[in-house]
Amino acid sequence: MRLLTDGPRTFAQHNAERGFVPWQRFSSRAALVDEVLASGLRGRGGGGFPTGLKLRAVTWRGPVVVANGCEGEPDSHKDHVLLSRSPHLVLDGMLVACHAIGAAEAVLCVHAGSPLLAGLIRALAERGPDANRIRIVEVPRRYVASEESALVNFLSGGDARPTTTPPRPTERGVDGRPTLVDNVETLAHLAIVARVGAEAFRAGETALVTTTGVHEVPVTTRLADLVTGPVLAGGYGGVWLSASRTGELTVAAAPGVAVFRSPQGCGLRDTAGILAYLAAESARQCGPCMFGLPAIAGDFAELAAEVPGHALERLRRRLPVVTGRGACAHPDGAVRMAASALDVFAAEVVAHTTGAGCTDAIRRTA
Ligand code: SF4
């Protein structure tokens, strides 16, 4: 069963095409969680954590389900397309998650002013009492606002800024209650697992990938079959994979978000642009984000622009000392991505630092 339809369906059409969720099969929470574990489903927001283990971790009373539909990665549009074309599948997944952890409340988070709002409100209204436990919340449009601890803080009445973890949201989340935060694509897959069972899900598992548009492909698809050149797997906080690695790895290696570089582009310039964005988007409440990321972004910009000097030496010194120093993983992801760029675009680094000049032939070596 696929995630995307060719356009939104009414609730009645959705159920006619996909069938109802067979709640009777899951009389106990444990049976449903076991099915999800057996399906091998992993989170599609970038982390790739096993969904069944996350469901099992919520053991306290009064839990809440949070569906993250904010999609903070500027190069990713998969969640937007999913919510616009298959909103009922995401809502089904939220109810399945509620059933699995015993939650009476679920929140669907989207960016403030999102064009998705009207369709989502309409979809909720179509479902009647079935959806009374679901509400939609608009979250500020900032990169770190959709980080899971930031969402939890915002939904608890605070700022949409990350907070220190642990405790994880599954232990202490919205209003101090155990909270399951999952990406909307993960929840849509959960609705499919509940319908078809673990075995059929594994046999037909797909993933949403943003290249020139959003495509739904089997998870066994090689990254190299989607695009030529290196791939930034896992989004802006992920790692660059060289073109030779994309020939070996499938989309399952880039859970949730893959950023594809134009084969003609310079990987160092792409990385400098991403670092500048990440430095500007931090919540500026910890040292690594206030000082470390702007300095690293500045060094990378110099390296990318082939400015003579010692930017590369400063990067080699600065990158290792940032990790683990922030309240959240935002700076860790940025430096991991930057370090992987220095490895994958090693030939470009040499060209940029020796004055040899960065040519198309060098770029194709990555
Ligand atoms: S590490 Fe950066 S993004 Fe994370 S909480 Fe601190 S300032 Fe905010």
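Cut-offs applied
- Residues numbered from 1 in each chain as written.
- Predicted model: local features only at pLDDT ≥ 70, side-chain atom pairs only at ≥ 80, totals over all residues.
- Heavy atoms only, no water.
- Helix = DSSP H or I, 4+ residues; strand = E, 2+ residues; numbered from the N terminus.
- Buried < 20%, exposed > 50% of the residue type's maximum accessible area, 1.4 Å probe, protein only.
- Contact = heavy atoms within 4.5 Å.
- 1 Å grid on protein atoms, 1.4 Å probe; cavity = no way out; pocket = protein on both sides within 12 Å on 5 of 7 lines; lining within 4 Å.
- Points joined across faces, edges and corners; volume = space filled by probe spheres on them.
- Nonpolar A, V, L, I, M, F, W, Y, C, P; charged D, E, K, R; others polar.
- Axes fitted to C-alpha atoms, helices over the stretch in contact; angles between N-to-C directions.
- Parallel < 35°, antiparallel > 145°, perpendicular 65-115°, else oblique.
- Left-handed = near helix turned anticlockwise from the far one by under 90°.
- Core = buried A, V, L, I, M, F, W, Y, C linked by side-chain atoms within 4.5 Å.
- pLDDT = per-residue confidence, 0-100.
- Pairing = 2+ DSSP bridges.
- Right-handed = clockwise from strand over helix to strand, strands pointing away.
- Expected span 1.5 Å × (residues − 1).

Engineer: Which residues make up the side chain of Thr 246, and what values go with them?
Structural biologist: Its place among the elements puts Thr 246 in helix 10 (residues 243–246). Overall, the relative accessible area of 2% leaves Thr 246 in the buried class. Residues contacting Thr 246, with those up to four places away along its chain left out, are Arg 222, Leu 223, Ala 224, Gly 229, Val 231 and Leu 241.

Engineer: Which residues make up the layout of surface pockets, and what values go with them?
Structural biologist: Its boundaries defined by the atoms lining it, the largest pocket holds a volume of some 1,300 Å³. Every residue lining the largest pocket is counted, 43 residues in all, and those nearest its centre are Gly 45, Gly 46, Gly 47, Glu 147 and Glu 148. Elements that contribute at least two residues to the lining of the largest pocket include exactly helix 3 (51–57), helix 4 (78–85), helix 7 (148–155), strand 4 (179–183) and helix 14 (330–344). When grouped by side-chain class, the residues that make up the lining of the largest pocket number twelve nonpolar, 20 polar and eleven charged. Empty space within the second largest pocket amounts to approximately 260 Å³. As for the second largest pocket, its lining consists of 18 residues, and the residues nearest its centre are Cys 70, Glu 71, His 80, His 111 and Arg 141.

Engineer: Break down the packing of helix 12 (residues 287–304) against helix 14 for me, citing the residues and quoting the values.
Structural biologist: Pairs of packed helices are described in terms of their axes, by the angle between the two and the distance that separates them. Close contact between helix 12 and helix 14 brings their axes to 10 Å; oriented N to C, the two are set at 20°. One element, helix 12, and the other, helix 14, form an angle in the roughly parallel class. Helix 14 is crossed by helix 12, and the crossing has left-handed handedness. Facing Pro 288, Cys 289, Leu 293, Ile 296, Phe 300 and Leu 303 of helix 12, the residues of helix 14 in contact are His 330, Pro 331, Ala 334, Val 335, Ala 338, Ala 341 and Leu 342. Considering only residue class, the contact of helix 12 with helix 14 consists of twelve nonpolar, one polar and no charged.

Engineer: Would you mind going over the nonpolar core in detail, with residue names and values included?
Structural biologist: Core analysis: the biggest nonpolar cluster contains 48 residues, and Leu 55, Val 65, Leu 82, Met 94 and Leu 190 have the highest contact counts within it. Counting residues per element, the ones that place at least two in this core are helix 2 (29–39), strand 1 (64–68), helix 4, helix 5 (87–101), strand 2 (105–111), helix 6 (117–126) and helix 8 (184–196). In terms of residue count, the dominant contributor to this core is helix 5 (ten residues). Apart from residues lying up to four places away in sequence, Met 94 is in contact with Val 65, Ala 67, Ala 106, Val 107, Leu 108, Ile 134 and Leu 187.

Engineer: Outline empty space enclosed by the protein, supporting the account with residue identities and numerical values.
Structural biologist: Tallied over the full model, the rule gives three cavities of 30 Å³ or more. In this structure, the second largest cavity encloses a volume near 50 Å³. Together, Thr 5, Arg 9, His 14, Arg 18, Arg 85, Ser 86, Pro 87 and His 88 line the second largest cavity. At the level of elements, helix 1 (11–18) and helix 5 are the ones that each hand at least two residues to the lining of the second largest cavity. For the lining of the second largest cavity, the per-class residue count stands at one nonpolar, four polar and three charged.

Engineer: Run through the confidence of the model for the protein chain, naming residues and quoting values.
Structural biologist: Parts of the model with low pLDDT should not have their predicted coordinates read in detail. For the protein chain, per-residue confidence averages 90 on the pLDDT scale, and residues scoring 70 or more make up 95% of the total. Highest mean pLDDT in the protein chain belongs to strand 1 (98); lowest belongs to helix 16 (residues 360–363) (60).

Engineer: Before we move on, can you summarise the pairing of strand 2 with the specific residues and values?
Structural biologist: Within strand 2, six of the seven residues are buried, which leaves it mostly tucked inside the rest of the structure. Across five bridges, the pairing between strand 1 and strand 2 is parallel. Bridge pairing in strand 2 links Val 66 to Val 107. The sheet contact formed by strand 2 and strand 3 (residues 134–139) spans six bridges and is parallel. What sits directly across from Leu 108, in strand 3, is Ile 136. Regarding the hand of the β-α-β motif, the stretch spanning strand 2, helix 6 and strand 3 is right-handed.

Engineer: Which residues make up helix 5, and what values do they have?
Structural biologist: With 15 residues, helix 5 ought to run about 21 Å at 1.5 Å a step, and its terminal C-alpha atoms sit 22 Å apart, in line with that. With 14 of 15 residues buried, helix 5 is to be regarded as a mostly interior element.

Engineer: An account of the side chain of Thr 51 is requested, with residue identities and associated values reported.
Structural biologist: Tracing the sequence through the fold places Thr 51 in helix 3. If we skip the residues at most four places from it in the chain, Thr 51 touches Val 36, Leu 41, Arg 42, Gly 43, Asp 182 and Thr 186.

Engineer: Lay out the packing of helix 1 against helix 5 in plain terms, naming residues and giving numbers.
Structural biologist: Put simply, helix 1 and helix 5 touch, their axes get as near as 10 Å, and they point 75° apart. In terms of axis orientation, helix 1 runs roughly perpendicular to helix 5. Between helix 1 and helix 5, the contacting residues are Phe 11, His 14 and Arg 18 on the first element and His 88, Leu 89 and Asp 92 on the second. Class assignment of the residues belonging to the contact of helix 1 with helix 5 gives a composition of two nonpolar, two polar and two charged.

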